[in-house]
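# Survey of secondary and tertiary structure
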Amino acid sequence: MRRAILALGGAFIVFLLLSAIIDHGRPDIVQKPKGTKPPHKDPQTQEWQEEIFPLAKAGKIPKINPRNIVNDNNLKTPLFIGFTRNWYLLEQAVVSYLAAGWPASELMVIDNSGVMDSNLRGLLSPANPWYLNHTRLSQLGVAVKRTPTLLSFAQLQNFYINYAIEQNWGYYFWSHMDVVVVCNESESSENYKSLYRKAVDALGDTLDKREHWGLKFFAYDWLTLVNVEAVKDVGAWDTQIPYYMADCDMYSRMTMRNWTQDAVEAGHVYDVSSHLTDLAVLFPEEGHESELNTTRFKDLKNQLQLMMEQKQNNSHGRNTWQARRDGGEGEPFWRNPKGFERGINFWIDKGRELFKLKWNYSECNLIDKGYRYGEEWTRE
Ligand SMILES: *[C@@H]1O[C@H](CO)[C@@H](O)[C@H](O)[C@H]1NC(C)=O
Ligand SMILES: *[C@@H]1O[C@H](CO)[C@@H](O)[C@H](O)[C@H]1NC(C)=O
Ligand SMILES: *[C@@H]1O[C@H](CO)[C@@H](O)[C@H](O)[C@H]1NC(C)=O
Ligand SMILES: *[C@@H]1O[C@H](CO)[C@@H](O)[C@H](O)[C@H]1NC(C)=O
Ligand SMILES: *[C@@H]1O[C@H](CO)[C@@H](O)[C@H](O)[C@H]1NC(C)=O
Ligand SMILES: *[C@@H]1O[C@H](CO)[C@@H](O)[C@H](O)[C@H]1NC(C)=O
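Residues numbered from 1 in each chain as written. Chains lettered and ligands numbered in written order. Predicted model: local features only at pLDDT ≥ 70, side-chain atom pairs only at ≥ 80, totals over all residues. Heavy atoms only, no water.

### Describing the pattern of salt bridges
This is how it is decided: Salt bridges are defined by distance alone: a side-chain nitrogen of Lys or Arg within 4 Å of a carboxyl oxygen of Asp or Glu. Numbering goes from the N terminus for both helices and strands, where a helix is a DSSP run of H or I of at least four residues and a strand is a run of E of at least two. Buried, partly exposed and exposed residues are distinguished by accessible area as a fraction of the type maximum, computed with a 1.4 Å probe on protein chains only: under 20%, between the cut-offs, and over 50%, respectively.
Across all of its chains, the model carries 22 salt bridges by this definition. Here D238 ties to K358 by a salt bridge, and the two come within 2.7 Å at their closest N and O atoms. Within this pair, whereas D238 is found in the loop between α7 (228–233) and α8 (246–256), its partner K358 is found in helix α11 (residues 337–359), the two being separated by 120 residues in sequence. For D238, a relative accessible area of 13% gives the class buried. Residue K358 is classed as buried on the basis of its relative accessible area, which comes to 4%. Counted as one network, the salt bridges with shared partners bring together D72, K193, R197 and D201.

### Points about the sheet that holds strand β6 (residues 213–218)
Counted only if it meets this: Two strands qualify as a pair provided DSSP detects at least 2 bridges between them. Here an angle of 0 to 180 degrees is reported between the N-to-C directions of two axes, which are lines fitted to C-alpha atoms, with helices fitted over the stretch in contact. In what follows, a contact means two residues having at least one pair of non-hydrogen atoms within 4.5 Å.
With respect to topology, 7 strands assemble into an open sheet ordered β3-β2-β1-β4-β7-β6-β8, the strand pairing being mixed. The sheet is open, and its two edges are formed by β3 (143–146) and β8 (260–264), each paired on a single side. Each strand axis lies, on average, 25° off the axis of its neighbour in the sheet, ignoring direction. Where β6 and β8 come together, 5 bridges link them in parallel fashion. Across the sheet, residue L215 finds its bridge partner in β8, namely Q261. Running over the sheet, α8 touches β4 (171–175), β6 and β8 and is turned about 135° from β6.

### Describing the site of ligand 2
Let me state the cut-off plainly: For each residue, the test is whether any non-hydrogen atom lies within 4 Å of the molecule or strand; if one does, the residue is near. Counted as a polar contact is a pair of N or O atoms within 3.5 Å, where, for protein atoms, one must be capable of donating a hydrogen and the other of accepting one, and residues adjacent in sequence contribute only when both atoms are in side chains. Reported accessibility uses the Shrake-Rupley method at a 1.4 Å probe radius. Residues are deemed covered only where the shown protein chains occlude them. Residues are grouped as follows: Ala, Val, Leu, Ile, Met, Phe, Trp, Tyr, Cys and Pro are nonpolar; Asp, Glu, Lys and Arg are charged; all remaining types, including Gly, are polar.
Residues in close proximity to ligand 2 include S186, E187, S188, N293 and K298, which together make up its full environment. At 2.5 Å from an oxygen atom of ligand 2 is found a side-chain nitrogen or oxygen belonging to N293. Compared with its free state, where it exposes 360 Å², ligand 2 has 38% of that area covered by protein. Considered class by class, the residues forming the shell around ligand 2 number no nonpolar, 3 polar and 2 charged.

### Here we look at the state of the cysteines
Rules: Disulfides are defined as pairs of cysteine sulfur atoms found within 2.5 Å of each other.
Going through the model one piece at a time under the given rule, you end up with 1 disulfide. Each sulfur in the disulfide pair C248 and C364 lies 2.1 Å from the other. With the S-S bond torsion at -105°, the cross-link from C248 to C364 turns out left-handed. One end of the pair, C248, is in helix α8; the other, C364, is in the segment after α11, with 116 residues separating them in the sequence.

### Here we look at the site of ligand 4
For ligand 4, the full set of nearby residues is N184, E187, E265, G267 and H268. Within the side chain of N184, a nitrogen or oxygen atom sits 2.3 Å from an oxygen atom of ligand 4. Here an oxygen atom of ligand 4 sits 2.4 Å away from a polar atom, N or O, in the side chain of E265. In the complex, 47% of the free accessible area of ligand 4, which totals 370 Å², lies under the protein chains. For the shell around ligand 4, the residue count by class is no nonpolar, 3 polar and 2 charged.

### Section: the packing of aromatic side chains
Going by this rule: When the centres of two rings from Phe, Tyr and Trp lie within 6.5 Å, Trp using its six-membered ring, the rings pair. Their planes under 30 degrees apart give stacked, over 60 give edge-to-face, and anything left gives tilted. To sit over a ring, a charge needs its Lys NZ or Arg CZ within 6 Å of the ring centre and within 35 degrees of the ring normal.
On inspection of all chains with the given rule, the structure shows 23 aromatic pairs. Their ring planes at 75° and their centres at 6.0 Å tell us that W48 and Y88 sit as a pair that is edge-to-face. Taken together, the residues W48 in the loop between α1 (2–22) and α2 (54–57) and Y88 in helix α3 (residues 87–99) connect sequence positions 40 residues apart. Here W48 falls in the partly exposed class, since its relative accessible area comes to 44%. Aromatic side chains Y160 and W174 sit 6.4 Å apart centroid to centroid with 40° between the ring planes, which places their arrangement in the tilted category. Of this pair, Y160 sits in helix α5 (residues 153–167) while W174 sits in strand β4, placing them 14 residues apart in sequence. Side by side, Y160 and W174 carry an identical accessibility label, which is buried. Through pairs of rings, three or more aromatic residues link up here, namely F80, F153, Y160, Y163, W169, Y172, W174, F217, W237 and Y251. Directly above the ring of Y373 sits R257, whose terminal nitrogen or CZ lies 5.1 Å from the centroid.

### Examining empty space enclosed by the protein
Test applied: Of the two site types, the cavity is a set of points on a 1 Å grid over the protein atoms alone where a 1.4 Å probe fits but cannot get out, and the pocket is an open set with protein on both sides within 12 Å along at least five of seven lines, each lined by residues with an atom within 4 Å of a point. Grid points are joined across faces, edges and corners, and a volume is the space filled by probe spheres set on the points.
Counted according to the given criterion, the structure contains 6 cavities of 30 Å³ or more. Taken as a whole, the second largest cavity holds about 130 Å³ of empty space. If you trace the second largest cavity, you find 15 residues lining it, with N68, A99, E185, L282 and R296 closest to the centre. Elements with a minimum of two residues in the lining of the second largest cavity: α3, β5 (179–182) and α9 (295–313). Residue composition of the lining of the second largest cavity, grouped by class: 10 nonpolar, 3 polar and 2 charged.

Written out as structure tokens, the structure is:
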């Protein structure tokens, strides 16, 4: 009993923390954290670059730190990264996970660009927002799975759940595509564990404890471990709330059914809207692969910290990255990028309205207000 209450309390704190910091909603979209100062400048405009990983193009993918590799693990660690727009951010996120030790074979990009087989057939140009380089991902050893058509955030989450069910997985990880992960090299050499090692350990502990766990949040929900039984128990995501508030709805329903949602730590996770000019900096220098806490690492951390601040300071909202690439007109399934953005914002607003209808309440703190499981659609 006491444990249950403690667990519930823990979940609750994470929940409050989450709602305070990310202010609801997580499509491949995040909102500006509350409490940041008013923006003082326009979005940084990043110079157009067609290639941000020249070494890969040259067929020379750098080696990762051997200490980041985990050899003694028998658990599966499938990780989904959903993609809709901006290949450069996606590639950056994927490469950062690989450099942090995540095995390429356990990583799966979910191509939710809605351009059918156009990327597979290489029909889009890199300036097209929906461009994705399949050849590059295969070169990296990363699988790509296409959604049948463009899905909303909530639908994409259910796609993950359904995929996991089909594969008979009891759990899976998912990550946002606008993040960069970096192992915590400031730990002492004896205690050093790569981000992947920590994720594996957290998973192992979770499964050993056999607790009533629902989610494990690594750095808010920038990386999340999901218990398939728990998400099935609450009936999955409500796809009638396509973007923001879908998470409030889902995570609250999980709390109402006592599925815990704890925060766990695995290393640095940066939330960004721009990309590094060369992804090679995510890897150790050649010949110095096992060194930790190097100048490269410190410079990288500073750079990513700055990129994260720039995203948060951005006066046009933190998600302008999604609309930044706007070429490719006339290519298959091309849509007007600004119109697409406006359309998404329209559905975001409609989702908020629906949440309000559903709960007769418009904020995220349903639990706080004493709402119980099954009380949705019962108040008018
Ligand atoms: C896609 O990636 C492959 C493999 O790295 C590379 O050869 C090719 O030039 C890339 N395509 C474009 C359009 O950049
Ligand atoms: C890593 O470098 C920082 C700054 O240079 C230093 O303060 C810290 O003690 C170093 N950590 C380890 C474990 O060597
Ligand atoms: C959740 O836990 C509380 C407190 O232990 C208990 O009263 C309640 O019945 C549980 N609800 C469910 C759905 O298991
Ligand atoms: C990195 O490790 C240091 C030393 O153990 C710790 O103080 C710090 O909180 C860690 N940071 C992250 C982001 O994990
Ligand atoms: C973000 O805004 C804060 C407060 O206005 C400012 O101090 C900081 O330098 C800005 N950071 C960046 C990277 O623009
Ligand atoms: C619905 O919300 C309104 C406004 O907060 C409140 O006055 C009303 O009592 C609520 N209805 C029910 C059935 O709880």
